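# Examination of the molecular architecture
Residues per chain are reported as follows:
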Amino acid sequence: MKVKAANGFARILKAEGIPWVSCYPTNHVNNALGEEGVPILMMGEERFAVAVADGFSRVTCGKQIGVCTVMANLNAAGIQMAYGAIAQAWEDSSPLLVVAEGVGQGAARHTHYDMAEAFRSVTKWVGKIDRADLVPDYLRRAFTHLRSGRPGPVLLLVPRDLGEYDEAEHPYAPVKGWRSGPDPDDVRTAVKTLLAAKDPLLYVGEGVLYADAAAELLQFAELAQVPVLTTLKGKSAFPEHHPLSVGVRGSLAEHFLRKADVLFAIGSSLFPNRFSHALPDAEKKTIVQCTVDTLDLNRSYETRHAVVGDAKLTLGALVAELSARTGGARKRPELLEEIRAGREAFLAKFRPWMESSETPINPYRVIGDLMKVLDPQRSFVTADSGNTRDQTSTVYEARIPRGFLGWGNVSTLGFSLAGAVAAKLAYPDRQCVHVTGDAGVCYMMGNFEAVARYRIGITTLHINNGGYSGYGPGFWGAGHDPYTWKVSDHGSACMASMARAVGFHAEDVTQPSEVLPAIRRALDENARGRPAFVEFICSH
């Protein structure tokens, strides 16, 4: 039976278990999706449509693939607007499928813009489908890229005029995805190095989450009795209330990072940048890097030893080798006491801020009260880039895989809203909250209408301090951009009023004693299918 190329495309997405497709019109594939019964979530602009699909892949750790469509062809304004969101998915290794309308046969001479070339540097693969009967082949290859190796986005260009193909002659079966295991010799060398270390540190990245290896990581850490530090993207891969956890950032993490003589990295590229750790005294440390991608090796730092393979298979092999060598978990009570004392000292610094009664409200009071309200076993938290990211990721305690979503290599403002929306779609029974600041909220307001329209019950916590914290003056000094930080204060621009106008439950809070009740009211509204926006008038 013959089927139009776009409809065949939509049927294959259904066969692959894609629950919905996010978009900003127009794209001829959208009509085919509607005809084939694939739900469409229409967002407020292209960048956000991509971000929601990206967030869905992240919060499900690639078990479900986020798919979005954007406008392209000769009028490529849509896909040009989407470039930043796709580049973020590339930098953060997120498996995202972007579908754009390709330029028809013979029409490329009418434009200066080459979509395939423009996106080749920020995708794992760009597929230009030029015949209807190749739709199954190209989607088969796309999902192979999406489910195998290092995750990353794929762009498929689907022209409008491809015609039809015969489904019986060109059948499609869902793609499994493939993993590779480590070399046993490399595993033995890695474990031998770990056991010989005086102060080893497990440095855990997001690769552990994508490999569904949190249980294996916990087993390995407890067997080895080694402190565990996670990257911002890897936060939640290891329970942060565990006696071996040293968190993500702050004095405790810094202490063990500096102290380590062997840095045992699992699922991390080790890229140093603004949002992840640069390794202090790296030349004095022995680095063991367990990664799925050989391109990570000897890239940012010298890799003395490497174990190349899927993180779940690698950790399983490491556990087996370590058990064979040690006969069971080592006893290191002095290490556990060092971590406990360090954590207490760390919290002693932040606890007064998290319990502060000062006005304007201390931002840490908001995070502290949020932790009192949320159930850590059935909630999701993320935060926008900037001070909200730094503050939330430092003190918020993640206990379950993807109970927190962080990102690290590139972070576009406003992404926290997309992350929260994606989490609620993936885990409807979870309380889903995102924290944003004065910069981030301006990037996301245009998409609040879509969140309200689809009755997605999430909560936005806006830390409003009338400027971009860190840019201008504060307790840290003059700031790094003292001439470009001030924005309208709450008296002249009430963001809660804007959210209320499009259907959110919204309120603004000026008193510390009202922080916790306001968050509870917001979550109650979420339970009824209504998004909520709480604006806190805060200090820097």
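Calculation notes
- Residues numbered from 1 in each chain as written.
- Predicted model: local features only at pLDDT ≥ 70, side-chain atom pairs only at ≥ 80, totals over all residues.
- Heavy atoms only, no water.
- Salt bridge = Lys/Arg side-chain N within 4 Å of Asp/Glu carboxyl O.
- Helix = DSSP H or I, 4+ residues; strand = E, 2+ residues; numbered from the N terminus.
- Pairing = 2+ DSSP bridges.
- Axes fitted to C-alpha atoms, helices over the stretch in contact; angles between N-to-C directions.
- Phe/Tyr/Trp six-rings, centres within 6.5 Å; stacked < 30°, edge-to-face > 60°.
- Buried < 20%, exposed > 50% of the residue type's maximum accessible area, 1.4 Å probe, protein only.
- Core = buried A, V, L, I, M, F, W, Y, C linked by side-chain atoms within 4.5 Å.
- Contact = heavy atoms within 4.5 Å.

We now examine the pattern of salt bridges. One pass over the full model with this rule turns up 36 salt bridges. A salt bridge links Arg 11 to Glu 36, with the shortest nitrogen-to-oxygen separation between them at 3.1 Å. With Arg 11 in helix 1 (residues 5-15) and Glu 36 in the loop between helix 2 (28-35) and strand 3 (40-42), the pair connects residues that are 25 residues apart, well separated along the chain. Connected through salt bridges with shared partners, the residues Arg 11, Glu 36 and Glu 167 form a single ionic network.

This next bit is on the sheet that holds strand 3. The strand order across the open sheet built from 6 strands is 3-2-4-5-7-6, with neighbouring strands paired in parallel fashion. Edge positions in the open sheet fall to strand 3 and strand 6 (125-128), since each of these has one partner strand only. Mean inter-strand twist for the sheet, computed between neighbouring axes without regard to direction, equals 20°. The pairing of strand 2 (residues 21-23) with strand 4 (residues 66-70) spans 2 bridges and is classified as parallel.

So, on to the packing of aromatic side chains. All chains considered together, the criterion is met by 11 aromatic pairs. Centre to centre, the rings of Phe 350 and Tyr 364 are 5.3 Å apart; their planes meet at 55°, and the pair counts as tilted. Here Phe 350 is found in helix 13 (residues 333-354), whereas its partner Tyr 364 is found in helix 14 (residues 363-373), with 14 residues between them in sequence. For Phe 350, a relative accessible area of 6% gives the class buried.

This part takes up the nonpolar core. Grouped together as the largest cluster of nonpolar side chains are 52 residues, with contacts concentrated most on Leu 202, Leu 217, Phe 220, Leu 263, Phe 264 and Leu 318. When neighbours within four sequence positions are excluded, Leu 217 is seen to be in contact with Leu 202, Val 204, Val 208, Ala 237, Phe 238, Ile 266 and Leu 315. Formed by 36 residues, the second largest nonpolar core is a distinct cluster that contains Phe 380, Trp 407, Ala 423 and Phe 448.

For the rest of this paragraph, the subject is the pairing of strand 5 (residues 96-100). Burial analysis of strand 5 places 5 of its 5 residues in the buried class, which makes it a mostly covered element. Burial of strand 5 is two-sided: the residues Leu 96, Val 98 and Ala 100 facing one way and the residues Leu 97 and Val 99 facing the other way are all buried. Here 5 bridges tie strand 4 to strand 5, and the two strands are oriented parallel to one another. Bridge assignment links Val 70 to a residue of strand 5, and that residue is Ala 100.

Turning to the side chain of Glu 36, a few remarks are in order. By relative accessible area, which is 15% here, Glu 36 ends up buried. Setting aside residues up to four positions removed in sequence, Glu 36 forms contacts with Asn 7, Ala 10, Arg 11 and Lys 14.

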